[in-house]
Amino acid sequence: STTEEQLYAYFRACGDIRRIIVGLQAALRTPCGFAFVEFYTTQAACCAAALCNGATPLFAAAHPQNPHTAPGTITVNQDPGFTPGRQY
């Protein structure tokens, strides 16, 4: 249930955000529990990882169906091999 605006407000302190992509269920077009936040710099991405890895921000909804993390916990994975266009 987290919105792009909430994610932007949470992560903007780390640096300029290039874009935010919220994962949607194909059939229902409703959020499915993950998002991508892209920054312009590696430094901003590292700041975001330090800020929230394992955190439970106020907007995080509890999703007990995920057995890998505690309900509402944010996990961060960086993609050091990212190159523009690879995501398509």
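Look a little higher up for the structure.
In short, a report on the structure. Please read these numbers as outputs of a predicted model, since none were measured by experiment.

**Let's talk about helix α2 (residues 42–52)**
- Those residues of α2 not exposed but buried are Ala44, Ala48, Ala49 and Cys52. Take α2 and look down its axis: the buried residues cluster within an arc of 140°, on one side only. Opposite the buried face of α2, at more than 90 degrees from it, the exposed residues are Thr42, Gln43 and Ala50.
- Buried residues along α2 sit against α1 (4–11) and β2 (31–39).

**Points about the packing of aromatic side chains**
- In the structure shown here, the tally under the stated rule is three aromatic pairs.
- Consider the rings of Phe11 and Phe39, whose centres lie 6.4 Å apart with planes at 75°: the pair is edge-to-face. In this pair, Phe11 sits in helix α1 while Phe39 sits in strand β2, placing the two residues 28 residues apart along the sequence. Both residues of the pair, Phe11 and Phe39, count as buried.
- Put simply, the rings of Tyr10, Phe11 and Phe39 pair up and form one aromatic cluster.

Parameters at a glance
Residues numbered from 1 in each chain as written. Predicted model: local features only at pLDDT ≥ 70, side-chain atom pairs only at ≥ 80, totals over all residues. Heavy atoms only, no water. Buried < 20%, exposed > 50% of the residue type's maximum accessible area, 1.4 Å probe, protein only. Helix = DSSP H or I, 4+ residues; strand = E, 2+ residues; numbered from the N terminus. Arc of directions from axis to C-beta. Contact = heavy atoms within 4.5 Å. Phe/Tyr/Trp six-rings, centres within 6.5 Å; stacked < 30°, edge-to-face > 60°.

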